[in-house]
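Secondary and tertiary structure notes
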Amino acid sequence: MGVLRLWPCINYRVFVCFADPDWASCTLGVFLCQSCSDIHRNISQISKVKSILLAPWSDVEVEFMLSNGNDAAKAKYEQKVPAFYYRPTPTDCLLLREQWIRARYERKEFVCVERQEPYSSGYREGFLWKRGRDKGQFLSRKFILSERDGALKYFNKHDAREPKALMKIHTLNASFQPEKIGQPHGLQITYLKNNSTRNIFVYHEDGKEMVDWFNAIRAARFHYLQVAFPGAYDTDLVPKLTRNYIKEGYMEKTGPKHTEGFKRRWFTLDDRRLMYFKDPLDAYARGEVFIGSKENSYTVLPGLTPSTQGYHWQYGITIVTPDRKFLFTCETEEEQRDWMAAFQGVVNRPMLPQEYAGNCHGSAQDLANTTCTLVE
């Protein structure tokens, strides 16, 4: 009978997990999807997970669930979540979802503001494992994030006075890439260097440490944007703090004359910038192309021109720009559909005023009439 009494609570609550719950924490009074229940089992000193249908429920536990629920837990444990703090979605990596749950229930970071200091103070210093450019080894490097300096810096030597690289906050992006980097806490940081996108790949053994760095970068960008756009609402700024790539994966490409043989390359679609790399962990792109909107004569077509030769994969894509056509091939029809959908989504989106300010190499030429060449 106890389980049946849970159903009214289940049907009328808003779930943190964004999925139909099969589990519940009888000590926190929240309902959980399968994915979140696995994380809650790792904090068993706080959260006791039970199956809603299969486990026995005492009257006391049922009454506790009925008097609490996910809405009440949100009001209790999310009282002071900073606007810049990343709230994970069900599709985010395990690290982000786990640290969000631990921050809420275990560390109570959003109840006690002083516990947010590691990522909200405007300054952060520490050591991260950074992937080297030559042999691909991860080496310990000192990093400093300073809002006052407007930059993230790293140093090759622990006692070095001058940084090896200085990354301006306004060009920074950070995205967790555990599978790509081969580390469960792997973070890809990108920035502009000499008007070209530069990638660095870092991780830390401690998951909390890595997520704190991620949110510290978001905080720095948030405060920068608040100054740059003083009249903007937080809801307008938050989506600009960090971004995940629209799509990544392998395709084949050919050169501008369409007579060169097709080569397999790793492609990254980052907003309107399509970049390609010889290896997914390359520091620099071999080339990139700006993808404008259909109003500016950009189109995406399935297939290749009949005269095209030298390709190995059979599923082609043609991107038509005001200057030229770019030809790609995919290994499977599913990959072709996914890339087509990604490209079409970009082309269908009207260009923003700031996207006309300069092309992908930083010139003042109109973006709508400019593309960047894909070259080896």
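In this report, we go over the structure that sits alongside the text. Nothing here was measured: the structure is a model prediction, and the numbers come from that model.

The biggest cluster of nonpolar side chains holds 51 residues, and the ones touching the most others in it are Phe143, Leu152, Met167, Phe176 and Ile189. Broken down by element, this core gets its largest block of residues, ten residues, from helix α8 (residues 207-228). Residue assignment places this core across two domains, with domain 1 (23-106) and domain 2 (119-240) each supplying three or more. The residues contacting leucine 152, other than those within four sequence positions of it, are Phe143, Ile144, Leu145, Ala165, Leu166, Met167, Leu172, Ile189, Trp213 and Ile217. Tyr276, Phe290, Tyr298 and Ile319 belong to the second-largest nonpolar core, a separate cluster that totals 22 residues.

Scanning the model with the defined rule gives 16 salt bridges in all. Residue glutamate 248 pairs with lysine 180 through a salt bridge whose shortest N-O separation is 2.7 Å. Residue glutamate 248 is found in strand β11 (residues 247-253), and its partner lysine 180 is found in helix α7 (residues 178-181); the two are separated by 68 residues along the sequence. Residue lysine 180 is classed as buried on the basis of its relative accessible area of 17%.

What follows covers the sheet that holds strand β7 (residues 165-168). Neighbouring strands of a sheet are bound in pairs by backbone hydrogen bonds; such pairs are parallel or else antiparallel. Read across the open sheet, the seven strands follow the order β7-β6-β5-β4-β10-β9-β8; overall the sheet is antiparallel. The sheet terminates laterally at β7 and β8 (173-176), the two strands that pair on one side only. On average, each strand axis in the sheet is inclined to that of its neighbour by 35°, with strand direction left out of account. With nine bridges joining them, strand β4 (residues 123-131) and strand β5 (residues 138-146) adopt antiparallel strand pairing. When the bridges of β5 are listed, arginine 131 appears paired with phenylalanine 138.

Right, let's talk about the sheet that holds strand β13 (residues 273-277) for a bit. The strand order across the open sheet built from seven strands is β14-β13-β12-β11-β17-β16-β15, with neighbouring strands paired in antiparallel fashion. Sheet topology places β14 (287-290) and β15 (299-302) at the edges, where each strand pairs with a single neighbour. When strand polarity is set aside, the average angle formed by the axes of neighbouring strands in this sheet is 35°. Here β11 pairs with strand β12 (residues 263-270) via seven bridges, running antiparallel. Note that in β12 the partner of methionine 251 across the bridge is arginine 265. Along the sheet, helix α10 (residues 333-348) makes contact with β11, β12, β13, β15, β16 (315-320) and β17 (325-330), crossing β11 at roughly 110°.

Rules behind the numbers
- Residues numbered from 1 in each chain as written.
- Predicted model: local features only at pLDDT ≥ 70, side-chain atom pairs only at ≥ 80, totals over all residues.
- Heavy atoms only, no water.
- Core = buried A, V, L, I, M, F, W, Y, C linked by side-chain atoms within 4.5 Å.
- Buried < 20%, exposed > 50% of the residue type's maximum accessible area, 1.4 Å probe, protein only.
- Helix = DSSP H or I, 4+ residues; strand = E, 2+ residues; numbered from the N terminus.
- Domains from an automatic or database assignment.
- Contact = heavy atoms within 4.5 Å.
- Salt bridge = Lys/Arg side-chain N within 4 Å of Asp/Glu carboxyl O.
- Pairing = 2+ DSSP bridges.
- Axes fitted to C-alpha atoms, helices over the stretch in contact; angles between N-to-C directions.

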